[in-house]
Amino acid sequence: ETGVTQSPTHLIKTRGQQVTLRCSSQSGHNTVSWYQQALGQGPQFIFQYYREEENGRGNFPPRFSGLQFPNYSSELNVNALELDDSALYLCASSLGSGTDTQYFGPGTRLTVL
Amino acid sequence: AQSVTQLDSQVPVFEEAPVELRCNYSSSVSVYLFWYVQYPNQGLQLLLKYLSGSTLVKGINGFEAEFNKSQTSFHLRKPSVHISDTAEYFCAVSDQGTYKYIFGTGTRLKVLA
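None of these values were measured; they are calculated from a predicted model.

About the cut-offs
- Residues numbered from 1 in each chain as written.
- Chains lettered and ligands numbered in written order.
- Predicted model: local features only at pLDDT ≥ 70, side-chain atom pairs only at ≥ 80, totals over all residues.
- Heavy atoms only, no water.
- Helix = DSSP H or I, 4+ residues; strand = E, 2+ residues; numbered from the N terminus.
- Rg over C-alpha atoms; globule rule 2.2 N^0.38 Å.
- Disulfide = S-S within 2.5 Å.
- Pairing = 2+ DSSP bridges.
- Axes fitted to C-alpha atoms, helices over the stretch in contact; angles between N-to-C directions.
- Phe/Tyr/Trp six-rings, centres within 6.5 Å; stacked < 30°, edge-to-face > 60°.
- Buried < 20%, exposed > 50% of the residue type's maximum accessible area, 1.4 Å probe, protein only.
- Contact = heavy atoms within 4.5 Å.
- Buried area = accessible area lost by both parts, 1.4 Å probe.
- Salt bridge = Lys/Arg side-chain N within 4 Å of Asp/Glu carboxyl O.
- Polar contact = N/O pair within 3.5 Å; in protein donor to acceptor, adjacent residues only side chain to side chain.
- Nonpolar A, V, L, I, M, F, W, Y, C, P; charged D, E, K, R; others polar.
- Core = buried A, V, L, I, M, F, W, Y, C linked by side-chain atoms within 4.5 Å.

### Some thoughts on the overall build of chain B
Along chain B, the regular secondary structure elements total zero helices and twelve strands. The helix and strand sequence of chain B, counted from the amino end, reads β-β-β-β-β-β-β-β-β-β-β-β. What you see for chain B is a C-alpha radius of gyration of 13 Å, in line with the 13 Å of a compact globule of 113 residues. When its C-alpha atoms are laid out on the principal axes, chain B stretches across 45 × 30 × 20 Å.

This is how it looks when you write it as structure tokens:
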């Protein structure tokens, strides 16, 4: 059984640019959640997708958007990057919706200059 | 809204000594509780979880936690720590029937030789 993978590992962007982060869930996991972890903080929930539909959203603006694909991959897109978007972005996959245990990937470190 | 408090931002402890990392959550009717560990430059790894049943939960690497509903606590313990336990530990809570984890700010455990 493969784990959750994310790409790229690191990314540097400038303010105002757009970025796409990618995640590959464990096979069979229909749910993917995305979290933002700022330096020295715990992860904060961005949104969750279940079977390609958004299933819930945290307190993040619409410029944070996502996609989930049938092959267990997903994307997090962030438009109009701001300096405060610099963080570790984590995706987590789980079997179903609700509160099934979430398995995390290693994250993508985004730096916005 | 649900919240999680990890009062200790850092806990230094000598090798082979016992340790307790504290976690309190805001009151709710029914919750699921989790402890995750994060090693430097890595994602989150599940240590243990409480969904229902016995209030004493055993996890990986010799860790255990006790769910205390009256105290709204879920403290993590290990009777004898190793240097390799040095990491950041996060407590998370999820209301039953909801889809997102709420994380605490983390406790940095530093095991000293």
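### Describing the state of the cysteines
Residue and element names in this part refer to chain B. Using the criterion set out here, one finds two disulfides over all chains in the structure. Two residues, Cys 23 and Cys 91, share a disulfide whose sulfurs are 2.0 Å apart. Taking the torsion about the S-S bond as the criterion, the Cys 23 to Cys 91 disulfide, at about -65 degrees, is left-handed. Taken together, the residues Cys 23 in the loop between strand E3 (19-21) and strand E4 (24-25) and Cys 91 in strand E10 (residues 87-95) connect sequence positions 68 residues apart.

### What to know about the sheet that holds strand E8 (residues 73-78) of chain A
Residue and element names in this part refer to chain A. One open sheet accounts for four strands, arranged E1-E3-E8-E7; its pairing is antiparallel. A single partner strand is all that each edge strand has here, and the edge strands are strand E1 (5-7) and strand E7 (64-68). With strand direction ignored, the average angle separating the axes of adjacent strands in the sheet is 20 degrees. Alignment of E7 against E8, held across five bridges, turns out to be antiparallel. Note on E8: the bridge partner recorded for Gly 66 is Leu 76.

### Side note on the packing of aromatic side chains
Inspection of every chain in the model, using the stated rule, returns 16 aromatic pairs over all chains. The interplanar angle of 50 degrees and the centroid separation of 6.1 Å between the aromatic rings of B:Tyr101 and B:Phe103 together place this pair among those described as tilted. Classification of B:Tyr101 by relative accessible area gives buried; the value is 1%. Among the aromatic residues, ring-to-ring pairing joins A:Tyr35, A:Phe45, A:Phe104, B:Phe34, B:Tyr36, B:Phe90, B:Tyr101 and B:Phe103 into one connected group.

### Some points on the interface of chain B and chain A
Taken together, the contact pairs 20 residues of chain B with 21 residues of chain A. When residues of chain B are sorted by the area they lose upon contact with chain A, B:Leu44, B:Tyr99 and B:Tyr101 head the list and together hold 38% of the total. Scanning the region where chain B abuts chain A turns up zero salt bridges. Applying the counting rule to chain B against chain A returns five residue pairs in polar contact (both at pLDDT 80 or more). Those elements giving two or more residues to the side of chain B that touches chain A turn out to be strand E5 (31-38), strand E6 (44-50) and E10 of chain B. Among the elements that take part in the side of chain B that touches chain A, E5(B) stands out by supplying four residues, more than any other. Residues belonging to the side of chain B that touches chain A are distributed by class as follows: nine nonpolar, eight polar and three charged.

### Observations regarding the environment of B:Asn61
Residues and elements named next belong to chain B. Along the chain, the position of Asn 61 falls in the loop between strand E7 (56-58) and strand E8 (64-68). Here Asn 61 falls in the partly exposed class, since its relative accessible area comes to 41%. The sequence separation of Asn 61 and Asp 85 amounts to 24 residues, and the corresponding C-alpha distance is 8.6 Å. Beyond its immediate stretch of four places on either side in the chain, Asn 61 contacts Tyr 39, Leu 47 and Lys 78.

### Re the nonpolar core
One broad trend across soluble globular proteins is that nonpolar side chains are buried collectively. Of all hydrophobic cores here, the largest spans 28 residues; its most connected members are B:Leu33, B:Trp35, B:Leu47, B:Leu48, B:Phe74, B:Leu76 and B:Tyr89. Residue assignment for this core shows that the elements contributing at least two residues are strand E2 (10-14), E3, E5, E6, E8, strand E9 (73-78), E10 and strand E12 (107-112) of chain B. Residues A:Trp34, A:Phe47, A:Leu110 and A:Val112 belong to the second largest nonpolar core, which totals 20 residues.

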